[in-house]
Every structure is written in C-alpha cells, then in structure tokens.
Amino acid sequence: MAGLARRSTRSLVAISALLVLGACEHSKSSNPLSPTIAGPLPGVEITQPVLLEPGQGWKFRDKQQPITLLVENASTNGVRPLVYAFEVAVDAGFKNIAYSRRDVAQGDNGRTAHRLQDNLQLGRTYYWRAWAYDGANTGAYPSTVSFEVYPPVVINPPQLVSPGSGSTTGSLFVELRVANSARSGPAGNVSYAYQVARDQAFTQVVSATGGQPEAVSAGQTVWAPTGLANSVTYYWRAYATDGEARSGWSSVWSFITPAEAPSGEGGSTTPCGPPYPTTHLGIIECQRSKFGSHMSSAQLVTFLRASARDLNAGGLSGGPFGILRKTSGTNCGGYSCDILCAGSGSSQKQWDVLGDADGAQTPAWIGPKVLPDIRVDTCEIQ
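Residues numbered from 1 in each chain as written. Predicted model: local features only at pLDDT ≥ 70, side-chain atom pairs only at ≥ 80, totals over all residues. Heavy atoms only, no water.

Novice: Looking at this structure, how should I read the overall build of the chain?
Specialist: A count of helical and extended segments in the chain gives three helices and 23 strands. The long-range share in the chain, meaning contacts at least 24 apart out of those at least 6 apart in sequence, stands at 62%. (Helix = DSSP H or I, 4+ residues; strand = E, 2+ residues; numbered from the N terminus. Contact = heavy atoms within 4.5 Å.)

Novice: What should I look at first to understand unusual backbone geometry in this one?
Specialist: The bulk of non-glycine residues show a negative phi, and the bulk of peptide bonds are trans. Pro-54 follows Glu-53 through a cis peptide bond whose omega is 0°. By secondary structure assignment, the location of Pro-54 is in the loop between β1 (50-53) and β2 (58-60). Phi is positive for Phe-94, close to 55°, though the residue is something other than glycine.

Novice: Explain the packing of aromatic side chains to me, please; I cannot follow it from the model alone.
Specialist: Within this structure, the stated rule accounts for 13 aromatic pairs. Centre to centre, the rings of Trp-58 and Phe-60 are 6.3 Å apart; their planes meet at 50°, and the pair counts as tilted. Under the relative-accessibility criterion, Trp-58 is labelled partly exposed at 37%. Ring centres 4.8 Å apart and planes at 85° place the aromatic pair Tyr-239 and Trp-249 in the edge-to-face group. On the criterion of sequence distance, the pair formed by Tyr-239 in strand β17 (residues 233-241) and Trp-249 in the loop between β17 and β18 (253-256) is long-range, its members being ten residues apart. Judged by relative accessible area, Trp-249 falls into the partly exposed class, the value being 30%. Here a set of aromatic residues connected by ring pairs shows up, and it is made of Trp-58, Phe-60, Tyr-126 and Phe-147. Over the aromatic face of Trp-249 sits the side chain of Arg-237, whose NZ or CZ is 3.9 Å from the ring centroid. (Phe/Tyr/Trp six-rings, centres within 6.5 Å; stacked < 30°, edge-to-face > 60°. Buried < 20%, exposed > 50% of the residue type's maximum accessible area, 1.4 Å probe, protein only. Lys NZ or Arg CZ within 6 Å of the ring centre and 35° of its normal.)

Novice: So what exactly am I meant to see when it comes to the sheet that holds strand β3 (residues 68-72) here?
Specialist: The strands making up a sheet associate through backbone hydrogen bonding, with each pair oriented either parallel or antiparallel. Strand order across the open sheet formed by three strands is β1-β3-β6, with antiparallel pairing between neighbours. Of all the strands in the sheet, just β1 and β6 (111-115) have a single pairing partner and so form its edges. In this sheet, neighbouring strand axes are inclined to one another by 30° on average, regardless of whether the strands run parallel or antiparallel. Pairing of β1 with β3 involves three bridges; the strand directions are antiparallel. Within the sheet, the bridge partner assigned to Leu-51 lies in β3 and is Val-71. (Pairing = 2+ DSSP bridges. Axes fitted to C-alpha atoms, helices over the stretch in contact; angles between N-to-C directions.)

Novice: Looking at this model, I keep getting lost on the sheet that holds β17. Mind explaining?
Specialist: Taken in spatial order, the five strands of this open sheet run β11-β18-β17-β14-β15, and their pairing is mixed. At either margin of the open sheet sits one strand with a lone partner, and together these are β11 (167-168) and β15 (205-213). As paired elements, strand β14 (residues 191-197) and β15 share six bridges and run antiparallel to each other. Along β15, the bridge assignment pairs Tyr-194 with Thr-209.

Novice: Would you mind showing me how to read the pattern of salt bridges here?
Specialist: Should the charged atoms of two oppositely charged side chains come close, the side chains can pair. Evaluated as defined, the whole model comprises eight salt bridges. The salt bridge partner of Arg-102 is Glu-87, with a shortest N-O separation of 3.0 Å. In this pair, Arg-102 is assigned in strand β5 (residues 97-105) and Glu-87 in strand β4 (residues 83-89), connecting sequence segments 15 residues apart. Owing to a relative accessible area of 36%, Arg-102 belongs among the partly exposed residues under this scheme. When its relative accessible area of 7% is taken as the criterion, Glu-87 is described as buried. Across the pair Lys-369 and Asp-352 runs a salt bridge, and its minimum N-O distance is 3.3 Å. With Lys-369 in strand β22 (residues 362-369) and Asp-352 in strand β21 (residues 349-355), this pair connects stretches of sequence that are 17 residues apart. (Salt bridge = Lys/Arg side-chain N within 4 Å of Asp/Glu carboxyl O.)

Novice: Quick question: what am I supposed to make of the environment of Asp-310 here?
Specialist: Of note, Asp-310 is situated in helix α3 (residues 297-313). C-alpha of Asp-310 to C-alpha of His-280: the two residues are 30 residues apart in sequence and 9.4 Å apart in space. Engagement of the side chain of Asp-310 in a polar contact is seen with the backbone nitrogen of Cys-272, the distance being 3.0 Å. (Polar contact = N/O pair within 3.5 Å; in protein donor to acceptor, adjacent residues only side chain to side chain.)

Novice: Just to check I follow, could you spell out the state of the cysteines for this structure?
Specialist: Here is the idea: a disulfide is a covalent bond, and it sits between the sulfur atoms of two cysteines. Taken as a whole, this structure holds three disulfides when the rule is applied. Between the sulfur of Cys-272 and that of Cys-286 lies a disulfide, 2.0 Å long from S to S. Its S-S torsion of about -100° marks the bond between Cys-272 and Cys-286 as left-handed, since a negative value means left-handed. With Cys-272 in the loop between β18 and α2 (280-288) and Cys-286 in helix α2, this residue pair connects regions lying 14 residues apart in the sequence. (Disulfide = S-S within 2.5 Å.)

Novice: Could you clarify how one ought to interpret the packing of α2 against α3 in this entry?
Specialist: The packing of two helices is summarised by the inter-axis angle and the distance between the axes. At a closest axis distance of 9 Å, the pairing of α2 and α3 adopts a crossing angle of 140°. In terms of their interaxial angle, α2 and α3 are classed as oblique. By crossing handedness, the relation of α2 to α3 is classed as right-handed. In this structure, α2 uses His-280, Ile-283, Ile-284, Gln-287 and Arg-288 to contact α3, whose residues at the interface are Phe-303, Ala-306, Ser-307, Asp-310 and Leu-311. Here the residues of the contact of α2 with α3 sort into five nonpolar, three polar and two charged. (Parallel < 35°, antiparallel > 145°, perpendicular 65-115°, else oblique. Left-handed = near helix turned anticlockwise from the far one by under 90°. Nonpolar A, V, L, I, M, F, W, Y, C, P; charged D, E, K, R; others polar.)

Novice: Looking at this structure, I do not really get the confidence of the model for the chain. What am I missing?
Specialist: A low pLDDT score tells you not to read the predicted coordinates there in detail. On average, residues of the chain carry a pLDDT of 85, and 86% of them reach 70 or more. Within the model, pLDDT remains below 50 along residues 1-30, and this stretch shows two contacts once partners closer than five positions in the same chain are excluded. A low-confidence stretch, residues 261-266 stays under pLDDT 50, and its non-local contacts, those more than four residues away or across chains, total twelve contacts. (pLDDT = per-residue confidence, 0-100.)

And the structure:
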C-alpha cells in the first residue's frame, strides 16, 4: 500500500508540472508584447528601412567625423515597437565589420539617425547597412551603400624664391615670392601666410598676412608687405594651408631695403597729413607729387598704397580703400597700376586715380565704377 501511495504522489507532481508549463506557454503566445516571447510571431512582416545618408559614393573629410547614418523608418503590421541595427564594414560582404550597433530606438518624423561613436580610418571605402526588428521578428536589410573617407591631407612647406636671402631690394615695394607647396590628399583651396619681421625669432613682426590666395597658373604665389622702412634688414617666412591642414613654416630668408629712393625719382611714402587734404583728388595729387615724371611699376604700387592709406587715415567717404590685386591682364607686380578700390563681390567699387591717355600719369579721381562695368578682383585694404 505504501508503494502505491508513493507512485500516486509522483504522478500528481508530474501532472502539476505539466499544467504549470502549459500555463506559461499559453501566457507567452497570448502576450505579443512580452519581452520573453519565444520565436517569431506568425503573420508579422517588417519592411526594409531605406538608406538615406550617406548616399552612394559620398565622400567625407576627417573634420566631418563621426559620421551620422540616417534611414527612413521601416514599417510593420505587428504591435511590437521597432528598433534598428546598423553595421559599417570595409568590404561589401560584411566579413570585416568596422562598426556595429544594435537596439537603436526608432526616431520620430519617419526617420532614424545614428551617429557613429568612433571616427573611421582615413583613406578607405566603407559599406553600410541597417535593418529593423521587434525582438521577435526581424526585417531584411536593403542593398548596401558605399561611401569614402578621404585620406589625410599633407601640405609641404613652401619653398622661398625671391628676394634672395641677404639681397638688397630696389625699393620699399618688395614682392615676396614662394613656389607653391606640394601636397597629397584632397586639399582644398590653398592660401599662404607670410610674416616679415626685424628679427630672426619673429618677435618683432612688422607686416603679415594670413590668406594670400595661391596663384595656380604661375606655380608661384606673391605677396607684397607694407610698413617697410629704408636701410633695414628684414626676415621673412611663409606657410601654406587649405583652412584645415597646414604646412610647417618655410625656411627663413632675409632682405635689406635700400638706403633711399632712387635719385631724381622720388618715392617717399610720407603721409600727406595730418591735417589731410579734404578731397579725394587732393590726397592723390599730394602723393603723386612725391614721385618723378614717370613712375616705374614698383613705384606705381607704392604710390597706390600710400594714397589708399591716406584716404583711410583722412576719413574720406567711400572707404575703406585698398589696392586691386589682378589675376590676369596687364598689371604691376600682380596689382592694378592705376586703380583704387573698396568693397568686395557685387558691391565692389573702383576708381581710376591716374589719367594715362597721354602717358603722363596725371592724378585723377574718376568713379566709382561698379558692376557690370568692372571686373571684380581682390581689394587689399591698406
């Protein structure tokens, strides 16, 4: 009898366990929002998200990292909320995963964005994909999209060309010429920074510019400093930059300015004030009187610089004034030989300051001329 009682007890325990198990499985199948649901739910379909950004063939610079992946949300006929998985690989077969993230919550307004947590290696092509899932069912991922991260930009220091180190210049108008820098990688628009100082350590900088545009056609870029004095040894250097990458400084060269302007030709850059003449033409006439009957190309630029500085110092209307850098055509060391300017782009104004019909270089103040009667160039304010 005792044996029969034990067998009856074991049978009751087994039946109870089966009832509990059946009740649990019934609970899972009847609650599709349960986090412990087992297996896909029948009849639930999840569409593919649409890969929006990066688009096919997009290219990124390093400063644009980390990159953000953007998809148009998938849709589902199920009741469970969707989350997303993102993968980035270095091969189209996704055997070498560079980045992976799961369980990204679905975004609002029909799109989901995910910003990578790390920067990708430069100079490579990448492939990315995404898919949606609800914890029970998983949607297929669409065709992959490739994009590139540019290789790093390397810009070499420019090589100095002239004036030769230790040479004496012919006037205070000095053109500092460098050979355009060699570079690798997708460099942007390159410009050059120059410094001119009284000492080799550049603690006494007298003239500088941070953005002289590269002269592509000539293979050399030129800049003329201001504020130089006679009988002084100056030191100069330059570097190149595209606004993101930059080279190191070039070597340092020196030049010596002449003791005085050439005999009989004038060329003093002494200001015409204060007090300054009260008219534009009065200042032009004052500066013109300091030169001989005919000015050389270098003297023309010196005259224009001095005139623009006096117009600005005297507070005359229309300014601030500068000299016009020319990218082509007849010029004086890269500048217009007879024009002063103000402004930039479509608002630029230009004045003729020398009457050259008879070659006499007579002072004048003609203008302003504006678009469409002018060609807009860089106006270097003095």
